[in-house]
Amino acid sequence: METYTVQPAKAVRGEIAVPGDKSISHRSIMLGSIAQGTTTVRGFLRGEDNLSTLNAFQALGVAVEDDGETLRIEGKGLHGLAEPFDILDCGNSGTSIRLMTGLLAGQRFFSILTGDRYLRNRPMRRVIEPLARMGATIFGRAGGDRAPLAIVGRELTGIDHASPVASAQVKSALMLAGLYAAGATTITEPHLSRDHSERMFRHFGADIEILATGVRVRGGRELQGRDIVVPGDISSAAFFMVAALIVPGSELLIRGVGVNPTRTGILDILTAMGASIELVDCREVSGEPVADILIRSSRLRGIEIGGDLVPRAIDEFPVICVAAALAEGRTIVRDARELRVKETDRIAAMAANLRKAGVAVVETEDGMEIEGGERLLGGSFESFGDHRIAMSMLVAGLAAEGEVAVSDVECIATSFPNFTELLARVAAR
Ligand code: S3P
């Protein structure tokens, strides 16, 4: 288990670009593989999660060439995937396993999906229950709620599904199954989750209709290979935004970040906390909005966060907790129960780490209350095997009173392989 140590910084300065968006990278492989013709992907995130998806599709018979800059995927068409010779390992990646479960449910072959010990503990019923209503046959541990999942491919029929959680993974799994189903598959959700699938389905020519709080996909239409440029991941940029905000005297420009409105909750939250954030040169790339983001250190204040802001910032809560710990006054997070079933229970993990850093935190069932202040103590912290917990505590280390050591940091490679390099580059000593 590797430990990484960060010293307090004098400022965070410079210009960086963060790696490609994780969600878009997964979807580019999946749609490229089942489209007709070639798909090229530039800016693909070579993190472990996305490599799990890439390896799985290669095991399903898809040829992918990688010249180090661009991926070339030779699409097999809707029905061209082949039965895999072995179990498909999704590693730590919830997006890989849930989306592929939907996609594989409608194939004419048998497959098994599994993952690491964290992924095997995460709930799968949310996708398996609606897929079963579409006619899918899927077996799993814990009465079908946990991986490994065994999928007996079948002909599917479209359904209407009102998802009780705002989850892009659930929505996308059913959209992928819907490509193979007879008739229409309609998914609605309580709040809009990230819409990268909707955008990419349209880009590939799928039969798709956007509804007020949902989406409808009609099955049977072939997709066409496309060229995709993946923008920088706003969830990765978020660590550097908070770093620049909490270290006085900082100014940082992050180039080429995806600013899809279903992902920019972090910008709204930090702005409401008093952050100085400017979007520069807004443009559109492959159907996704992109901008450069300029951040200057700011005095932050505590706020209340809930409702539809939560799914729009769902992956950013660990680092929002760090900003809240150094803000003036109390920050209250509610409606964020989903944080308990991420790579780890992120409410419990951040509460434990912040308390160790001297911050008063109250855990609630669906969120937390953080009493902000000016001080964060250094010390040793745990990643809980979760990349975003590890990176959040290392960011905290830049503004802490002493050295911060985080153990078990290998998990950072799932989403942000060059994180520590970039952090060292922008932190002035
Ligand atoms: C993702 C959806 C979100 C997010 C995850 C990526 C996706 O999960 O937390 O990191 O790519 O669809 P949920 O759908 O479980 O909210």
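What counts, and where the lines are drawn
- Residues numbered from 1 in each chain as written.
- Predicted model: local features only at pLDDT ≥ 70, side-chain atom pairs only at ≥ 80, totals over all residues.
- Heavy atoms only, no water.
- Near = heavy atom within 4 Å.
- Polar contact = N/O pair within 3.5 Å; in protein donor to acceptor, adjacent residues only side chain to side chain.
- Areas by Shrake-Rupley, 256 points an atom, 1.4 Å probe, with all protein chains shown as cover.
- Disulfide = S-S within 2.5 Å.
- Domains from an automatic or database assignment.
- Contact = heavy atoms within 4.5 Å.
- Salt bridge = Lys/Arg side-chain N within 4 Å of Asp/Glu carboxyl O.
- Helix = DSSP H or I, 4+ residues; strand = E, 2+ residues; numbered from the N terminus.
- Nonpolar A, V, L, I, M, F, W, Y, C, P; charged D, E, K, R; others polar.
- Buried < 20%, exposed > 50% of the residue type's maximum accessible area, 1.4 Å probe, protein only.
- Pairing = 2+ DSSP bridges.
- Lys, Arg positive; Asp, Glu negative; His and termini not counted.
- Phe/Tyr/Trp six-rings, centres within 6.5 Å; stacked < 30°, edge-to-face > 60°.
- Lys NZ or Arg CZ within 6 Å of the ring centre and 35° of its normal.
- Right-handed = clockwise from strand over helix to strand, strands pointing away.

Draft legend 1. Spotlight on the site of the ligand. Near the ligand, the surroundings consist of Ser23, Arg27, Thr95, Arg98, Ser167, Ala168, Gln169, Arg194, Ile314, Asp315 and Lys342. In this structure, serine 23 approaches the ligand through a side-chain N or O atom, which is 2.7 Å from an oxygen atom. Alanine 168 is positioned with one of its backbone polar atoms (N or O) 3.0 Å from an oxygen atom of the ligand. Notes on the ligand: free accessible area 390 Å², of which the protein chains cover 95%.

Draft legend 2. Summary view of the state of the cysteines. Tallied over the full model, the rule gives zero disulfides. No disulfide involves cysteine 321; its sulfur sits 16 Å from the nearest other cysteine sulfur, which is in cysteine 411.

Draft legend 3. Summary view of the domain arrangement of the protein chain. Entries for the protein chain in the domain assignment read domain 1 (3-20 + 231-428) and domain 2 (22-229). Listed per partner, the contact involves 31 residues of domain 1 and 28 residues of domain 2. The closest approach of N and O atoms between arginine 194 and aspartate 315, which form a salt bridge, is 3.1 Å. For the side of domain 1 that touches domain 2, the secondary-structure elements that each account for two or more residues are strand E20 (288-296) and helix H12 (387-399). For the side of domain 1 that touches domain 2, the residue count by class is 11 nonpolar, 10 polar and 10 charged.

Draft legend 4. Looking closely at helix H6 (residues 168-178). Where burial is concerned, most of H6 is hidden: 11 out of the 11 residues are buried. Of all the residues in H6, the buried ones are Ala168, Gln169, Val170, Lys171, Ser172, Ala173, Leu174, Met175, Leu176, Ala177 and Gly178. Among the residues of H6, the N-terminal cap falls to serine 167, whose side-chain oxygen and the backbone nitrogen of glutamine 169 are separated by 3.2 Å.

Draft legend 5. Focus on unusual backbone geometry. Cis rather than trans, the peptide bond between alanine 147 and proline 148 has omega equal to 0 degrees. Positionally, proline 148 belongs in strand E9 (residues 146-152). In this model, aspartate 281 sits at a positive phi of 55 degrees, which is unusual for a non-glycine residue. Relative to the elements of secondary structure, aspartate 281 occurs in strand E19 (residues 276-285). For aspartate 281, a relative accessible area of 49% corresponds to the partly exposed category. If you check the backbone angles, serine 286 has positive phi at about 50 degrees while not being a glycine. We classify serine 286 as partly exposed; its relative accessible area is 25%.

Draft legend 6. View of the sheet that holds E20. The sheet built from five strands is open, its strands ordered E19-E20-E18-E2-E27 with mixed pairing. This sheet does not close on itself; its edge strands, each paired only once, are E19 and strand E27 (427-428). One ladder, built from five bridges, connects strand E2 (residues 11-17) with strand E18 (residues 251-258); its direction is parallel. When the bridges of E18 are listed, glutamate 15 appears paired with leucine 253.

Draft legend 7. Structural view of the environment of arginine 263. Along the polypeptide, arginine 263 turns up in the loop between E18 and helix H9 (265-272). It is 10.0 Å that separates the C-alpha atoms of arginine 263 and valine 310, two residues lying 47 residues apart in sequence. Ignoring any residue separated from it by four or fewer positions in sequence, one finds arginine 263 in contact with Asp21, Ser23, Arg194, His196, Asp233, Ile234, Ser235, Arg312 and Glu316. Engagement of the side chain of arginine 263 in a polar contact is seen with the side chain of histidine 196, the distance being 2.8 Å.

Draft legend 8. Seen up close, the side chain of arginine 98. Examined against the element boundaries, arginine 98 turns out to sit in helix H3 (residues 94-105). Despite its burial, arginine 98 remains without a salt bridge, the nearest opposite charge being carried by glutamate 338 at 6.4 Å. Those residues in contact with arginine 98, other than ones at most four positions away along the chain, are Arg122, Pro123, Met124, Arg126, Val127, Gln169 and Ala173.

Draft legend 9. The packing of aromatic side chains, seen in detail. What the rule picks out here adds up to four aromatic pairs. Note that lysine 356 overlies the ring of phenylalanine 381, its terminal NZ or CZ placed 6.0 Å from the centroid.

Draft legend 10. Local environment of the pairing of strand E25 (residues 379-382). Bridge count between E25 and strand E26 (residues 404-407): four bridges; the pairing is parallel. Note on E26: the bridge partner recorded for phenylalanine 381 is valine 406. Crossover connection from E25 via H12 to parallel E26: handedness right-handed.

Draft legend 11. Examining the side chain of serine 392 more closely. By the element assignment, serine 392 lies in helix H12. A residue is classified by how much of its surface remains accessible, and serine 392, at 0% relative accessible area, is buried. At 3.2 Å, the side chain of serine 392 and the backbone nitrogen of valine 319 are in polar contact.

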